[in-house]
Amino acid sequence: MDLSASSSCQPQERRNPVRQLARRALAFSLPRALYITHGPRSSRCVCVTFDDGPHPELTPRLLDVLAKEAIKATFFVVGQRAEKYPEIVRRIEAEGHVVGHHSNSHPDPVHTSTLGMHREVLAASRVLREILGHPVRLYRPPHGKLRLADLPLIWSLQQTIVLWNVDPKDFAQPSAVHLADWFASRPLRGGDLILLHDSSPHAWVALPTIAAGVRRSGLHFGSLEQWTRWLPMGPR
Ligand SMILES: [Zn+2]
């Protein structure tokens, strides 16, 4: 059984209700240190995450905007791209953001064997350990796709599986204005975990408008690590 999230990095897929139910059941029953789709609803924090980088031009622009807006984010980088642009990965961490990984080559996990995904996770972990000098614990599966059979393996490698609950599909939005409008029409709530892509040409442009909306709602941006460091079983 696969536990695909709604979509990521590709055109929208039809939602499978059984998968959605399984995903919710896992999120409800597992500690956030193992599997997280959003933070506690009692929080006044939202977390923003960026997938698919680093991108040689867009990620540095995004980092400039994040610094100006005083936002700390989490970047799920692809191992092979990190290997190509290690200085950007080091800059991400040096500026106070969290680095997670997004596999080594971004395959579709549903069409990759368990052994193949094991190799992907190990390879990306090795690349990032070499670049950063320490292990990386946060893992976002490509396309948000998971199979039940792969979960024990991923956890045995001490990885927290991070999905999301807010997906504006920035890669498919025709402009930064459309992306900002998507957020304006859907007010965020405390605990929301937002999926964006640093490879999207719109994310860094729309971010100041999105951030202004977050602050108007009385929320602030927080670190994903505060939600995954502990082992809460409390209200979600
Ligand atoms: Zn991706």
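Attention here is on the structure that accompanies the text.

### Some details on the nonpolar core
- Core analysis: the largest hydrophobic core is formed by 55 residues, its most contacted members being Val99 and Ile194.
- Looking at which element gives the most residues to this core, the answer is helix 8 (residues 203–216), with seven residues.
- The residues touching Val99, leaving out its near neighbours within four places in the chain, are Phe75, Val77, Val89, Ile92, Glu93, Leu128, Leu132 and Val136.

### A word on the pairing of strand 2 (residues 45–51)
- Within strand 2, six of the seven residues are buried, which leaves it mostly tucked inside the rest of the structure.
- Sheet analysis places strand 2 next to strand 8 (residues 220–221), joined by two bridges and oriented parallel. When the bridges of strand 8 are listed, Val46 appears paired with Phe221.
- Of the strand pairs in this sheet, strand 2 and strand 7 (residues 193–197) are connected by five bridges, and their pairing is parallel. Bridge pairing in strand 7 links Phe50 to Leu196.
- Judged from the three bridges that link them, strand 2 and strand 3 (residues 74–77) form a sheet pairing that is parallel. Pairing of Asp51 across the sheet is with Phe76, part of strand 3.
- For the crossover that starts at strand 2, traverses helix 2 (residues 58–69) and ends in the parallel strand 3, the hand is right-handed.

### A word on helix 7 (residues 176–184)
- Listing the buried residues of helix 7 in full gives Ala176, Leu179, Ala180 and Phe183. Looking down the long axis of helix 7, one finds its buried residues gathered within 95° of arc, a one-sided arrangement.
- Residues of helix 7 that are buried in the fold lie against helix 8.

### Let's talk about helix 5 (residues 114–132)
- In a regular helix each residue adds 1.5 Å, so 19 residues correspond to 27 Å; helix 5 covers 27 Å between its end C-alpha atoms and thus fits that length.
- Within helix 5 the residues assigned to the buried category are Met117, Glu120, Val121, Ala124, Ser125, Val127, Leu128 and Ile131. Down the axis, helix 5 shows its buried residues gathered within 160° of arc, on one side only. Turned more than 90 degrees away from the buried face of helix 5 sit Leu115, Arg129 and Glu130, all of them exposed.
- The inward-facing, buried residues of helix 5 abut helix 3 (79–84), helix 4 (86–94), strand 4 (98–101), strand 5 (138–139) and helix 6 (151–156).

### Some details on the packing of helix 7 against helix 8
- Two elements in contact, helix 7 and helix 8, have axes whose closest approach is 8 Å; the angle formed by their N-to-C orientations is 20°. One way to sum up the angle between helix 7 and helix 8 is to call them roughly parallel. The interaxial crossing formed by helix 7 with helix 8 has right-handed handedness. Touching Ala176, Leu179, Ala180, Phe183 and Ala184 of helix 7 are Val205, Ala206, Thr209, Ile210 and Gly213, all from helix 8.
- Considered class by class, the residues forming the contact of helix 7 with helix 8 number eight nonpolar, two polar and no charged.

Rules of the game
- Residues numbered from 1 in each chain as written.
- Predicted model: local features only at pLDDT ≥ 70, side-chain atom pairs only at ≥ 80, totals over all residues.
- Core = buried A, V, L, I, M, F, W, Y, C linked by C-beta atoms within 7 Å.
- Buried ≥ 20, exposed ≤ 12 C-beta atoms within 10 Å, placed from the backbone.
- Helix = DSSP H or I, 4+ residues; strand = E, 2+ residues; numbered from the N terminus.
- Contact = placed C-beta atoms within 7 Å.
- Pairing = 2+ DSSP bridges.
- Right-handed = clockwise from strand over helix to strand, strands pointing away.
- Arc of directions from axis to C-beta.
- Expected span 1.5 Å × (residues − 1).
- Axes fitted to C-alpha atoms, helices over the stretch in contact; angles between N-to-C directions.
- Parallel < 35°, antiparallel > 145°, perpendicular 65-115°, else oblique.
- Left-handed = near helix turned anticlockwise from the far one by under 90°.
- Nonpolar A, V, L, I, M, F, W, Y, C, P; charged D, E, K, R; others polar.

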